[in-house]
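For reference, the chains in residue letters:
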Amino acid sequence: MRTRRLTVAQALIGFLKNQYVERDGKENRFFAGAWGIFGHGIIAGVGQALQENLDFPYYVSRNEQASVHIATAYAKARNRLAAFACISSIGPGATNMITGAATATINRIPVLLLPGDIFARRNVAPVLQQLESEHSQDVSVNDAFKPVSRYWDRIYRADQLICSLPEAMRVLTSPAQTGAVTLALPQDVQSEAGEFPEEMFEKRIWHIARPQADSELLAKAASWIRAAQNPLIVAGGGVLYSGASAALSRFAMDTGIPVGETQAGKSSLPFNHPQNLGAIGVTGTPGANIAARNADLVIAIGTRLSDFTTASKTAFQNEKVRFINVNVAEVDAYKHAALPLVADARAALEELGCAVSPYRVAENYFSCIAHWKDLWEKETDRIFGLRHGPPISQGEVVGAVSNASGPEDVVVCAAGSLPGDLHKLWRARTPNAYHLEYGYSCMGYEIAGGLGVKMADPGREVYVMVGDGSFLLMSSEIVTSIQEGYKLNIVLLDNHGFSSIGGLSHAIGSKGFGTDYRYRSGTGQLDGKYLPVDFVKLAEGYGAKAVRATTFAEAERAIGEMRGHDRTTVVVIEVDKEMRVPGYESWWDVPLSEVSEIESIRQARAIYEDAVKRERHYELATTTPMITT
Ligand SMILES: Cc1ncc(C[n+]2csc(CCOP(=O)(O)OP(=O)(O)O)c2C)c(N)n1
Ligand SMILES: [Mg+2]
């Protein structure tokens, strides 16, 4: 056997740079490089290996959490066909990646995490940043990655890599299994040399399969569709990852079945597609939510059916509703006692299309869809055209950005009140033009994520929409965007705190307690004047171009000019926190105090107790036995 004498770290990078994926005959290198911040636990091992492998680019971020968000956004924008590795030192550098790991895993997005770890050889323990235990020497902070990783291993010996790396690749490239993969790398082991077989460094291509549904279940699904009066499709992120937009469009056009899009699934169809009712669920449009309420058949494609999509299991109220779930992941396919089509979205849609032809929904249902769409466009125009304030409304800013953006441009967001507004209002015209991280809704993803999206396709303008809260939590990747020359258009909506959680606080009767950015006043509470945070100066301090806009006309002009700038630009707009985009025909379960001394909370609880009665147990399947017609 021909071998190469390399350190563990050198062998690792040598392997990673030769991994490729292929789907539909198209092939590309899987890893675009590594993100990270060096420390003593990584620099002499993996750091040195990266220095020897300059064809595996190394990028420095400002925060390890951000590294993982950048990597996640990149992989999501590449429909999971490419990814980054993220490295860190031991200790805090590693644990900073845990939030990123959870974000990736919850969203089913591949990232490879390579945290440094404590010495395998033990003799110098406790080392700087080591978590000691009196029960075991085989424990470190990296064990905390286990619940947020789809695959986890710790490399104690050089030859372990030969077995661990293919497992890591299997999981990363599996549409059903993918998420964060963690290989913890003890600091001493990284630098140890071993004899590695030459084959480890040969080009290896991982085929991304398009599994087809079981033929019996597919025939059964077709019969359910043909029998349906008011069917509805719920399009999730899996539609985009599978590249199934055209197949979904054709299926919806041919059958007339309307489509509601989840946060991850939005932009599966263009907003003006005749069957696209837009956002569904808690942050949905009235049309999609009324269609959901009445649907006798829900065809859920590539969605996890989270509470935001199911309106905490209140969305589907037809007594006879049953579900067909198309998903590569078995766990999702079986939710709601559905008829499970464990399959690739595109493959299943193509097969289903043939199997149901010439089924079409009835004319009156078809005309309802057109009517709902028409009403929604008018409502969107109303919100875009409010001309409130100043401070102006957030909906107007969404309108200004949506109108200024081109069909291929991408909007990026993650947490706060913006995701709901964007889900409802943004007019997506091409697949992946809408990039929301709403599985973990992780404040701090926005700017880092924007950078990942921009790197995935530098030809697309990226508009990051971010609240002041998220910006203050993590804005430092602006520096990285300038370092790498990837321009971001950042629109910062300043409402002096948490509009989203503040609104929720009022809804639960807590009157906004603890949700504003205010001075502590003489009352001892945070109810003084607003804190004077100068976001323009902050952005300029990072090296970005920054503009403040107060009136709608100023905002529109500043947003319109962003795309002409050659470096990251931040437009700071004060918005009226109380001028919210309303909710439509939906509900979200946030349990309220059963007992309280505050009257407003007791009142809110009474409303809650009524609403919660609408929650249903779809999994009981009393009306939807899996294999009966
Ligand atoms: C890391 C993290 N911490 C806390 C939360 C809970 N949370 C959701 S939205 C939000 C407020 C966000 O504030 P901002 O970015 O200003 O947006 P706004 O609500 O004002 O629109 C908070 C605290 C979260 N989603 N992520
Ligand atoms: Mg805010």
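Let us look at the structure shown here. Note that the structure is predicted; figures quoted are calculated from it, not measured.

Criteria and thresholds
- Residues numbered from 1 in each chain as written.
- Chains lettered and ligands numbered in written order.
- Predicted model: local features only at pLDDT ≥ 70, side-chain atom pairs only at ≥ 80, totals over all residues.
- Heavy atoms only, no water.
- Near = heavy atom within 4 Å.
- Polar contact = N/O pair within 3.5 Å; in protein donor to acceptor, adjacent residues only side chain to side chain.
- Areas by Shrake-Rupley, 256 points an atom, 1.4 Å probe, with all protein chains shown as cover.
- Helix = DSSP H or I, 4+ residues; strand = E, 2+ residues; numbered from the N terminus.
- Nonpolar A, V, L, I, M, F, W, Y, C, P; charged D, E, K, R; others polar.
- Contact = heavy atoms within 4.5 Å.
- Core = buried A, V, L, I, M, F, W, Y, C linked by side-chain atoms within 4.5 Å.
- Buried < 20%, exposed > 50% of the residue type's maximum accessible area, 1.4 Å probe, protein only.
- Pairing = 2+ DSSP bridges.
- Axes fitted to C-alpha atoms, helices over the stretch in contact; angles between N-to-C directions.
- 1 Å grid on protein atoms, 1.4 Å probe; cavity = no way out; pocket = protein on both sides within 12 Å on 5 of 7 lines; lining within 4 Å.
- Points joined across faces, edges and corners; volume = space filled by probe spheres on them.

It is worth spelling out the site of ligand 1 at this point. Lining the immediate environment of ligand 1, one finds 14 residues, of which Ser417, Ser441, Asp468, Gly469 and Ser500 sit closest. One of the backbone N or O atoms of serine 470 is found 2.9 Å from an oxygen atom in ligand 1. Here an oxygen atom of ligand 1 sits 2.8 Å away from a polar atom, N or O, in the main chain of serine 499. Bound to the protein, ligand 1 loses 77% of the 580 Å² it would expose on its own. Those elements that place two or more of their residues in the shell around ligand 1 are helix H18 (468-473) and helix H20 (499-507). Split by residue class, the shell around ligand 1 holds three nonpolar, ten polar and one charged.

The next point concerns the environment of glycine 36. Along the chain, glycine 36 turns up in strand E4 (residues 31-36). Residues glycine 36 and alanine 85, 49 residues apart in the sequence, show an inter-C-alpha distance of 8.6 Å. Beyond its immediate sequence surroundings of up to four residues, glycine 36 is in contact with Tyr58, Tyr59, Val60, Ser61, Ser67 and Ile87.

Turning our eyes to something else, we now look at the nonpolar core. In this structure, Ile225, Leu248, Ile301, Ile324 and Leu341 are the most contacted members of the largest nonpolar core, which totals 55 residues. For this core, the leading source of residues is helix H7 (residues 215-227), giving six residues. Contact partners of isoleucine 225, with chain neighbours within four places excluded, come to Phe251, Ile257, Leu297, Ile299, Ile324, Leu352, Val356 and Tyr359. Formed by 49 residues, the second largest nonpolar core is a distinct cluster that contains Ala102, Leu113, Ala414 and Ile447.

Below, the discussion takes up the sheet that holds strand E3 (residues 26-29). Across the sheet, three strands lie side by side as E3-E2-E11; this open sheet has mixed pairing. Two strands bound the open sheet, and with one partner strand each, they are E3 and strand E11 (204-207). This sheet shows a mean twist of 30° between the axes of neighbouring strands, independent of strand direction. Judged from the four bridges that link them, strand E2 (residues 19-23) and E3 form a sheet pairing that is antiparallel. Bridge assignment links valine 21 to a residue of E3, and that residue is asparagine 28.

What follows covers the layout of surface pockets. Computed from the structure, the largest pocket encloses a volume of approximately 1200 Å³. Surrounding the largest pocket, 48 residues form its lining, Ser500, Ile501, Gly503, Leu504 and Trp588 being those nearest its centre. For the lining of the largest pocket, the leading source of residues is H20, giving seven residues. Across the lining of the largest pocket, the residue classes break down as 25 nonpolar, 17 polar and six charged. Here the second largest pocket is characterised by a volume of approximately 330 Å³. The wall of the second largest pocket is formed by 17 residues, among which Arg23, Asp24, Lys26, Asn79 and Leu81 lie closest to the centre.

These figures come from the coordinates and say nothing about function on their own.
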